[in-house]
Amino acid sequence: MSPLKGRTAVVTGASRGIGARISTALGEQGVRVVLIARTEKRLNEQAARIPGSIPIAADVTDPRSVERATSRITAELGGAPDILVNNAGIFSVAAVEETSIEQFSQLLNTNLVAPFLFVRAFLADMKKRGRGDILTIGSIADRTIFGGNAGYSAAKFGLRAVHEVLRTELRGTGVRATLISPASTDTDIWNDVTLSDPGEKPPAKRPMLQPDDVARAVVYALSQPDSVNVDELRLSHS
């Protein structure tokens, strides 16, 4: 029997890519999963594949939308989830001088502020309960600088900092925090990416991780004994 059976989880960005595979993997482990995404049609299609799951459409960049979603989650689950997976994210490439204020703000709001909003909504209840897991899906760009990534790297480095603060504050509380930082992963996030360097290999020509690789890392971290916190996992293609 899976050690995760009977637990509850919230996965953001759950309708496609890495988030879809994480939500499916958790459902296969017997976890009751709440799926958060903006596109309702794709969200409901993904939820239909996971028995007992709860789809909630929300714009993670809108604090009022997140507040409505987290209030419903608390009502549906009778409190904070056992597991929070902050996965929702966006990616774009542009030189600093070509990055608009709107683009920069959108990258920060989606990749950094949104995870904070979900943590803030559930953390007090997790600490009061003395148990919980907060998993942050980072990126190779949370520790390595790439050209064209001013907004994305700023957000991911900031997200790593939030994770490190959580680890400091949560020691001894029973609530665990894990950062999973994958290298380039084969999802449709790359479909609209235009490379800033014409000599750079297009993503399709590079070896990439698969969404299942990240999902397995999530299940691994969650399946450790309560006394073990997996602080960080870095994933790269062999």
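Residues numbered from 1 in each chain as written. Predicted model: local features only at pLDDT ≥ 70, side-chain atom pairs only at ≥ 80, totals over all residues. Heavy atoms only, no water.

(A) Representation of the pairing of strand β3 (residues 54-57) in the model. Burial along β3 is one-sided: I54 and I56 are buried, and none of P55 and A57, which face the opposite way, are. Pairing between strand β2 (residues 32-37) and β3: four bridges, direction parallel. For L35, the partnering residue across the bridge sits in β3 and is P55. In terms of handedness, the path from β2 via helix α2 (residues 40-48) over to β3 forms a crossover that is right-handed. (Buried < 20%, exposed > 50% of the residue type's maximum accessible area, 1.4 Å probe, protein only. Helix = DSSP H or I, 4+ residues; strand = E, 2+ residues; numbered from the N terminus. Pairing = 2+ DSSP bridges. Right-handed = clockwise from strand over helix to strand, strands pointing away.)

(B) A look at helix α3 (residues 63-77). Counted at 1.5 Å a residue, the expected span for α3 with its 15 residues is 21 Å, and the 21 Å between its end C-alpha atoms agrees. Of all the residues in α3, the buried ones are S65, V66, A69, T70, I73 and L77. Around the axis of α3, the buried residues are gathered within 125° of arc, so they sit on the same side. With respect to the buried face of α3, the exposed residues turned more than 90 degrees away are R64, E67, R68 and A75. The inward-facing, buried residues of α3 contact β1 (8-12), β2, β3 and α4 (101-129). A side-chain oxygen of the first residue of α3 lies 3.0 Å from the backbone nitrogen of R64; this N-cap is D62. One or two positions beyond α3, positive phi appears at G78, with a value near 75°. (Expected span 1.5 Å × (residues − 1). Arc of directions from axis to C-beta. Contact = heavy atoms within 4.5 Å. Polar contact = N/O pair within 3.5 Å; in protein donor to acceptor, adjacent residues only side chain to side chain.)

(C) Representation of the nonpolar core within the structure. Grouped together as the largest cluster of nonpolar side chains are 32 residues, with contacts concentrated most on I22, L26, V85, L135, I180 and V218. Secondary-structure elements contributing two or more residues to this core are β1, α1 (17-28), β2, α2, β4 (83-86), β5 (132-137), α6 (211-222) and β7 (232-235). What I22 contacts, discounting residues up to four positions off in sequence, is V11, V85, N87, I137, A215 and V218. Judged by nonpolar contacts, the second largest core, of 26 residues, contains I36, V66, L77 and L84. (Core = buried A, V, L, I, M, F, W, Y, C linked by side-chain atoms within 4.5 Å.)

(D) Geometry of the sheet that holds β3. With respect to topology, seven strands assemble into an open sheet ordered β3-β2-β1-β4-β5-β6-β7, the strand pairing being parallel. Strand pairing shows two members of the sheet lacking a second neighbour, β3 and β7, which therefore form its edges. If you compare each strand with its neighbour and ignore which way they point, the axes differ by 15° on average. Bridging between β1 and β2 involves five bridges; their strand directions are parallel. Bridge pairing in β2 links T8 to R32. Running over the sheet, α2 touches β2 and β3 and is turned about 170° from β3. Together, β1, β2, β4, β5 and β6 (175-182) form the strand contacts of α4, whose direction differs from that of β4 by roughly 165°. (Axes fitted to C-alpha atoms, helices over the stretch in contact; angles between N-to-C directions.)

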